[in-house]
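# Structural characterization, general
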Amino acid sequence: MSILYSPAGDTDPIRGMHDGAMLHIIRHYRPRMVKIFLTKDMREKEEQRQIYSKAIQKVAPECVIDFIKTDIIEAQNMEKLVALADNFIELRKQYPNEEIILNLSSGTPQMKTIMSFLATDFDNVLAVQVVSPAKSSNRENFATQDHEDIDCVIETNLDDEEGAENRCQVPPLSLFTRYSVRHQLVSLVSSYEYSAALALYKKHKNMFQKETGRLLEHADLRAKLRLQDAFAKAKSSISDKKEVVALNEFLMIMELRQRKGDLAEFIVKLTPFLYQLTLFYLENKTSYKPCLYCERDSFKKPWRVSIRKLQEKFPEILRAFNRHVGNFRDNTELSFSNMLDILGCVPDVDKSLLDELKLLRKVEAKHRNPLAHTITDITDELLKNTEPYYTSGEIVQKLRKVFSLIMAGEKVYKNNVYDDLNRDIIKSMDTFPENCAARLA
């Protein structure tokens, strides 16, 4: 079932022995109710001669008629027609689950413009135009005159005859909606706001290829580091080594946070990223594996330094710890800072790698604790003016440098994959789905 929302114009209800637009839509769509917006002139015509109600009852006696009566005189003035939109919105709230048909062919040009905007801005709305019998302007036919007998006008209506042409058309307003939605999607994707883009896509998915939805779902899952689900959508992963993939993906998300200006989260996440990256290096690229001088209760528990093991196998590391913190305590949880001391004892460590990690440690130590324990904000200006004086972009460059040095020989992304992903998503929106293209033809 549906409801017709329509302004009444000079061509309604009958003009030149044919249906006006409102009556013609009622004839062919059979709405259960029609809500008619009347200016002062049209209201007086209905009150004095019942021209709309009589014509509608003749064509569709089962249709409920409800009038919105106003005192509007200047129907050509947009400012005076706010009520036309407001009453539609109230109707939409009152009947949220019913299809509302909008008549785009009755009323002044300003009324038609408002109705067109409503048709593109709201869901579950069907916009209908009615072509004049002459396939041109209907203005050359006289409107129903005040002295005419409305019953006689109704009886001589040629559209009542069997086989009369259906002049209703559904214009391709969804094309304009699609352009608007596509513009919003491009903006969201370019800002890496994949969750919001996916939600918007789902509201208008009939206007886009399924590939757009698949790519957006992949990007959304991937940006949330739900990698197993994300790669199931993409059916690919760059490496079989889970640790390498996880660190690579984390680095790219760190870079997205920096690009979006989410610098507080960017700085806070430095600690877990640098910890995991340096731990990977020790475990996979050196002979100083934590299992040789640390202990833990289970695989998921953090490593804790054993002084007994250090004294037996790596006394130089214990001396480095003591120089750094004084009297180093047994069973201390292995930290990024501890690992830098350990790397300083590795004979063949890459000096440039160690230097960059130490600089990143300064950034982490300087900015992370204030963020974690106070209500504060991080800006690029603050970063640049605080020792060690690196902007967020420069920090990203250092992260990428240490990542490349540590991952030498591993299969990793050289650039941020989200740039390519964004291009694929935007390109996928250039093609219309078949069902959408057919409706717009």
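Model, not experiment: these values are computed from the prediction.

Calculation rules
Residues numbered from 1 in each chain as written. Predicted model: local features only at pLDDT ≥ 70, side-chain atom pairs only at ≥ 80, totals over all residues. Heavy atoms only, no water. Helix = DSSP H or I, 4+ residues; strand = E, 2+ residues; numbered from the N terminus. Contact = heavy atoms within 4.5 Å. Areas by Shrake-Rupley, 256 points an atom, 1.4 Å probe, with all protein chains shown as cover. Lys, Arg positive; Asp, Glu negative; His and termini not counted. Charge placed at Lys NZ, Arg CZ, Asp CG, Glu CD. Pairing = 2+ DSSP bridges. Axes fitted to C-alpha atoms, helices over the stretch in contact; angles between N-to-C directions. Core = buried A, V, L, I, M, F, W, Y, C linked by side-chain atoms within 4.5 Å. Buried < 20%, exposed > 50% of the residue type's maximum accessible area, 1.4 Å probe, protein only. Polar contact = N/O pair within 3.5 Å; in protein donor to acceptor, adjacent residues only side chain to side chain. Phe/Tyr/Trp six-rings, centres within 6.5 Å; stacked < 30°, edge-to-face > 60°. Lys NZ or Arg CZ within 6 Å of the ring centre and 35° of its normal. Disulfide = S-S within 2.5 Å.

Regarding its fold elements, the protein chain presents 21 helices and 10 strands. For the protein chain, the share of sequence-separated contacts (at least 6 apart) that also reach a separation of at least 24 residues comes to 70%. Entry remark: accessible area of the protein chain is about 22,800 Å², with carbon and sulfur atoms responsible for 49%. For the protein chain, the distance from the average position of its 64 positive side-chain charges to the average position of its 64 negative side-chain charges is 9 Å.

Pairing is mixed in the open sheet, where 6 strands are placed in the order β5-β4-β1-β6-β7-β8. Of all strands in the sheet, those bounded by a partner on one side alone are β5 (64-69) and β8 (168-169). Note: strand β6 (residues 99-103) against strand β7 (residues 125-130), 4 bridges, orientation parallel. Residue pairing in the sheet places Ile-101 in a bridge with Leu-126 of β7. Packed on one face of the sheet, helix α3 (residues 51-59) meets β4 (33-38) and β5 and runs near 160 degrees to β5.

This part is about the nonpolar core. With 55 residues, the main nonpolar core has Phe-273, Leu-343, Ile-395 and Leu-399 as its most contacted residues. Residue assignment for this core shows that the elements contributing at least two residues are α11 (242-260), α12 (263-268), α13 (270-285), α14 (307-313), α15 (315-325), α16 (336-343), α17 (351-373) and α19 (392-406). Looking at which element gives the most residues to this core, the answer is α13, with 9 residues. Beyond its immediate sequence surroundings of up to four residues, Leu-399 is in contact with Leu-251, Met-254, Phe-266, Leu-270, Phe-273, Leu-274 and Leu-360.

Turning our eyes to something else, we now look at the side chain of Arg-178. Topologically, Arg-178 is positioned in helix α7 (residues 173-190). A polar contact of 3.4 Å, which involves the side chain of Arg-178, links it to the backbone oxygen of Thr-431.

The next subject is the side chain of Asn-422. Inspection of the secondary structure assignment puts Asn-422 in helix α20 (residues 417-428). Judged by its relative accessible area of 7%, Asn-422 falls in the buried class. Within the local environment of Asn-422, its side chain forms a polar contact with the backbone oxygen of Val-189, the two atoms lying 3.0 Å apart. Excluding residues within four positions of it along the chain, Asn-422 makes contact with Val-189, Ser-190, Tyr-192 and Tyr-194.

Within this structure, the stated rule accounts for 8 aromatic pairs. On the basis of an interplanar angle of 85 degrees and a centroid distance of 5.5 Å, the ring pair of Tyr-293 and Phe-314 is categorised as edge-to-face. You can see Tyr-293 sitting in the loop between α13 and β9 (294-295) and its partner Phe-314 sitting in the loop between α14 and α15, a full 21 residues away along the chain. Judged by relative accessible area, which is 0%, Tyr-293 ranks as buried. Given the relative accessible area of 10%, Phe-314 is considered buried. The structure contains a cluster of three or more aromatic residues connected by ring pairs, namely Tyr-5, Phe-88 and Phe-122. In this arrangement the basic side chain of Arg-296 is found over the ring face of Trp-303, its NZ or CZ atom lying 3.9 Å from the centre.

This brings us to unusual backbone geometry. At the junction of Asp-12 and Pro-13, the peptide bond is cis and its omega measures out at -5 degrees in the coordinates. With respect to the element layout, Pro-13 can be found in the loop between β1 (2-7) and β2 (14-15). The omega angle of the peptide bond from Glu-387 to Pro-388 is 10 degrees, so this bond is cis rather than trans. Mapped onto the elements of the fold, Pro-388 is located in the loop between α18 (380-384) and α19. Phi is positive for Arg-30, which is not a glycine, with a value near 50 degrees. Checked against the element boundaries, Arg-30 lands in the loop between α1 (21-29) and β4.

A separate point is the state of the cysteines. One pass over the structure, following the stated rule, counts 0 disulfides. The thiol of Cys-168 is unpaired, and the distance to the nearest cysteine sulfur, on Cys-63, comes to 14 Å. In this structure Cys-345 is a free cysteine whose sulfur lies 13 Å from that of Cys-294, the closest cysteine sulfur available. Given a relative accessible area of 16%, Cys-345 falls into the buried group.

These results come straight from atomic positions and should not be treated as a statement about function.
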